Amino acid sequence: MPAIVIIGAQWGDEGKGKATDLLGSRIDYVVKFNGGNNAGHTVVVGDQKYALHLLPSGILTEGVIPVIANGVVIDIEVLFDELTALASRGVDVSKLKVSANAHVITNYHRTLDKVTERFLGKRQIGTTGRGIGPAYADKINRVGIRIQDLFDENILRQKVEGALHQKNHLLVKVYNRRAIAVEEIMEELLVFAERLRPMVADTGLELNRALDEGKNVLFEGGQATMLDVDHGTYPFVTSSNATSGGAATGSGVAPNRIDRVIGIVKAYTTRVGAGPFPTELFDESGEFLRSKGFEFGTTTGRPRRTGWYDAPIARYTARVNGVTDFVLTKLDVLSGLETIPVCVAYDVDGVRHDEVPVSQSDFHHAKPIYEEFPGWSEDISGARSFDELPKNAQDYVLAVERMSGSRISVIGVGPGRDEVVVRHDLLD
Ligand code: GDP
Ligand code: IMO
Ligand code: MG
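Residues numbered from 1 in each chain as written. Chains lettered and ligands numbered in written order. Predicted model: local features only at pLDDT ≥ 70, side-chain atom pairs only at ≥ 80, totals over all residues. Heavy atoms only, no water.

**Structural notes on the site of ligand 1**
- Close contacts around ligand 1 come from 18 residues, with Lys-16, Gly-40, His-41, Thr-42 and Asp-332 the closest.
- One of the backbone N or O atoms of Lys-16 is found 2.7 Å from an oxygen atom in ligand 1.
- In the complex, the protein chains occlude 92% of the 580 Å² of accessible area that ligand 1 would expose alone.
- Listed by contribution, the elements that provide at least two residues to the shell around ligand 1 are helix 1 (16-23) and strand 3 (41-45).
- Per-element tally for the shell around ligand 1: the top contributor is helix 1, with three residues. (Near = heavy atom within 4 Å. Polar contact = N/O pair within 3.5 Å; in protein donor to acceptor, adjacent residues only side chain to side chain. Areas by Shrake-Rupley, 256 points an atom, 1.4 Å probe, with all protein chains shown as cover. Helix = DSSP H or I, 4+ residues; strand = E, 2+ residues; numbered from the N terminus.)

**Some points on helix 2 (residues 76-88)**
- The first and last C-alpha atoms of helix 2 sit 18 Å apart over 13 residues, in line with the 18 Å expected at 1.5 Å per residue.
- For helix 2, the full list of buried residues reads Ile-76, Leu-79, Phe-80, Glu-82, Leu-83 and Leu-86. Each buried residue of helix 2 sits inside an arc of 160° when the element is viewed along its axis, so together they form one side.
- Elements that come into contact with the buried residues of helix 2 comprise strand 4 (48-52), strand 5 (65-68), strand 6 (73-74), strand 8 (103-104), helix 6 (182-190) and helix 7 (193-196). (Expected span 1.5 Å × (residues − 1). Buried < 20%, exposed > 50% of the residue type's maximum accessible area, 1.4 Å probe, protein only. Arc of directions from axis to C-beta. Contact = heavy atoms within 4.5 Å.)

**Topic: the pattern of salt bridges**
- For the structure on display, the rule yields 27 salt bridges.
- Across the pair Arg-304 and Asp-13 runs a salt bridge, and its minimum N-O distance is 3.0 Å. On the criterion of sequence distance, the pair formed by Arg-304 in the loop between helix 10 (284-292) and strand 13 (305-307) and Asp-13 in the loop between strand 1 (3-8) and helix 1 is long-range, its members being 291 residues apart.
- By relative accessible area, Arg-304 is classed as buried at 6%.
- Asp-325 is the partner of Arg-260 in a salt bridge, and the nearest nitrogen-oxygen pair spans 2.9 Å. On the criterion of sequence distance, the pair formed by Arg-260 in strand 11 (residues 260-266) and Asp-325 in strand 15 (residues 325-329) is long-range, its members being 65 residues apart.
- The class of Arg-260 is buried, set by a relative accessible area of 6%.
- Overall, the relative accessible area of 0% leaves Asp-325 in the buried class.
- Put simply, Asp-13, Lys-266, Glu-295, Arg-304 and Lys-330 are held in one network by salt bridges that share partners. (Salt bridge = Lys/Arg side-chain N within 4 Å of Asp/Glu carboxyl O.)

Right under this line is the structure:
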């Protein structure tokens, strides 16, 4: 079972980092294929807690080769800050490979991200402000700067000049900001170039060779299906393909080499930033989920919006990604609720929709139709087999599984590496 993709099934923060970490010791390569340091993965190993942004979570497992593939946008300073911080805690970061074709995020991307958000006013997306959208826009616009450009100063200067010519007009004339100097960007990009050089590789070639040799390669998606630029709640999305297809384009490994797609889904729903969220709660139940689930962003610290489980979204995710297995995380957070509503369909202006509506306006108007399930009061964090879960928790999992379009193979009952109930081996 060599090539496995992990993707977020909702709006992010489902526990992808923990799921990657869980598989860590059986994996040879772990590949980040989309996004950048907008991601925030918290991984708890014993009494140690790690927050990862740009690096794939698999870096925490000894022996795993972490890869930042071509589909990622890299803020070089953040990369080195993260590497230094992990190394100082004893994590071996020496094996990291970085694609020569990955694009870079520079100061003008971060500046444009923040200023365009401000200008959007009420219509703002609530981005992480890390420059993700502008960096991907440059890539698609063919004025982006790639990692390989850092090693030819002449070419780099031409590209930076070209990009800044356009950006400075925009910054000065439209947004009333100061112009950014070519030298400032050159310095930002070149300061770490020599440290970066030995990590740079043809990662597509290396990953294909690893698969030829029967090695296990795990593709760790950042963000999530509902934040995907094509399949999410556009325009309230990120700027990359966070769905399983992105693992192929974002890494240079062909889709027919991918054997398994694991969807990570929370036992309830959260969202950071703006955009539609049909099951969102504004009452004490929402506060219960936020405080018990500790739903605050790993990257920006923003409180996450919270709501009940949305089965049409899980079904949509299963379809768009070809999910073979779900990992249902944070079931422990639901302990103590008398009843647990699950959204089974939507009411859109009086019409029932069993699937996620394709129209943005319809989805904005969608009111959840709930089915209620009896809760349980026991602390389930010690459960290690399905039988050890209270009957009502088992029934909740089975009901959600029936509605969600794929089997639930692993259940999270706590943040720790071993706080899981495994029903089916994810690599089998
Ligand atoms: P990611 O972005 O998908 O990797 O998820 P985040 O790390 O942003 O958010 C998930 C949070 O839930 C992290 O703080 C994890 O430590 C925590 N977590 C993951 N699985 C479980 C679980 O089953 N139960 C509980 N209580 N916490 C979990
Ligand atoms: P992980 O990998 C949750 C959201 C932002 C904003 C939108 C666009 O930890 O699940 P961007 O900065 O990407 O242009 O912001 O996407 N967003 C995330 N929300 N988890 C994430 O990553 C996210 N990455 C981006 O809040 O609404
Ligand atoms: Mg996160």
